[in-house]
Amino acid sequence: MKGPDGEVHAGDGMLLEVVPGKSFTFTNMLGKGWTPQDAQPLGIVGKFEFSDAGNGKTNFRSSSRHWNDADTKKHADMGFAEGWGICADQLEEVAKGLVAHA
């Protein structure tokens, strides 16, 4: 990931489930070859879901699961909601680009 000030946050992860055109679920608790790893800065399981909103629009929903309440709070304190909101805006720009090139 790259932050708004150019900072780089490295991290490996694993796609757990991909439902084409509908959703993908991922974790940073597993690395290459399903190898357990010490996720940084904390472990999550995340899911991005997409559905048809009609009129050429798409509904987007993101969610995450944490191993305990302390990690949930830590993620919130790190700006999780704002960061994933920015991610949603970036996905919208990518989608607009795909439509423009279709």
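Residues numbered from 1 in each chain as written. Predicted model: local features only at pLDDT ≥ 70, side-chain atom pairs only at ≥ 80, totals over all residues. Heavy atoms only, no water.

1. With respect to the pairing of strand β1 (residues 14-19)
Two strands pair when backbone bridges link them, and β1 and strand β2 (residues 23-27) are joined in this way by five bridges, in the antiparallel orientation. What sits directly across from glutamate 17, in β2, is threonine 25. From the end of β1 to the start of β2, which pair antiparallel, there are three residues, and glycine 21 there has a positive phi angle of about 75°. (Pairing = 2+ DSSP bridges. Helix = DSSP H or I, 4+ residues; strand = E, 2+ residues; numbered from the N terminus.)

2. Some remarks on the packing of aromatic side chains
One pass over the full model with this rule turns up nine aromatic pairs. Centre to centre, the rings of phenylalanine 48 and tryptophan 84 are 5.0 Å apart; their planes meet at 85°, and the pair counts as edge-to-face. Of this pair, phenylalanine 48 sits in strand β5 (residues 44-54) while tryptophan 84 sits in helix α2 (residues 80-101); the two residues are 36 residues apart in sequence, bridging distant segments of the chain. Look at tryptophan 84 and you get buried, because its relative accessible area is 15%. Each ring, one from phenylalanine 50 and one from phenylalanine 60, has its centre 5.5 Å from the other, and the planes form 40°; the classification is tilted. You can see phenylalanine 50 sitting in strand β5 and its partner phenylalanine 60 sitting in strand β6 (residues 57-66), a full 10 residues away along the chain. Look at phenylalanine 50 and you get partly exposed, because its relative accessible area is 25%. In textbook terms, an aromatic cluster arises when at least three aromatic residues are bridged by ring pairs, as seen for Phe24, Phe26, Phe48, Phe50, Phe60, Phe80 and Trp84. (Phe/Tyr/Trp six-rings, centres within 6.5 Å; stacked < 30°, edge-to-face > 60°. Buried < 20%, exposed > 50% of the residue type's maximum accessible area, 1.4 Å probe, protein only.)

3. Here's the deal with the pattern of salt bridges
Within the structure shown, the criterion is met by four salt bridges. Note that glutamate 92 is salt-bridged to lysine 96, the shortest N-O span being 3.7 Å. Here lysine 96 and glutamate 92 lie together in helix α2, a separation of four residues that amounts to about one turn. The exposure class assigned to lysine 96 is partly exposed, which follows from its relative accessible area of 46%. (Salt bridge = Lys/Arg side-chain N within 4 Å of Asp/Glu carboxyl O.)

4. Considering the nonpolar core
Ranked by size, the top nonpolar core spans five residues in total: Phe26, Leu42, Ile44, Phe48 and Trp84. Leaving out residues up to four positions away in the same chain, tryptophan 84 has contacts with Phe26, Ile44, Gly46, Phe48, Ser62, Ser63 and Ser64. (Core = buried A, V, L, I, M, F, W, Y, C linked by side-chain atoms within 4.5 Å. Contact = heavy atoms within 4.5 Å.)

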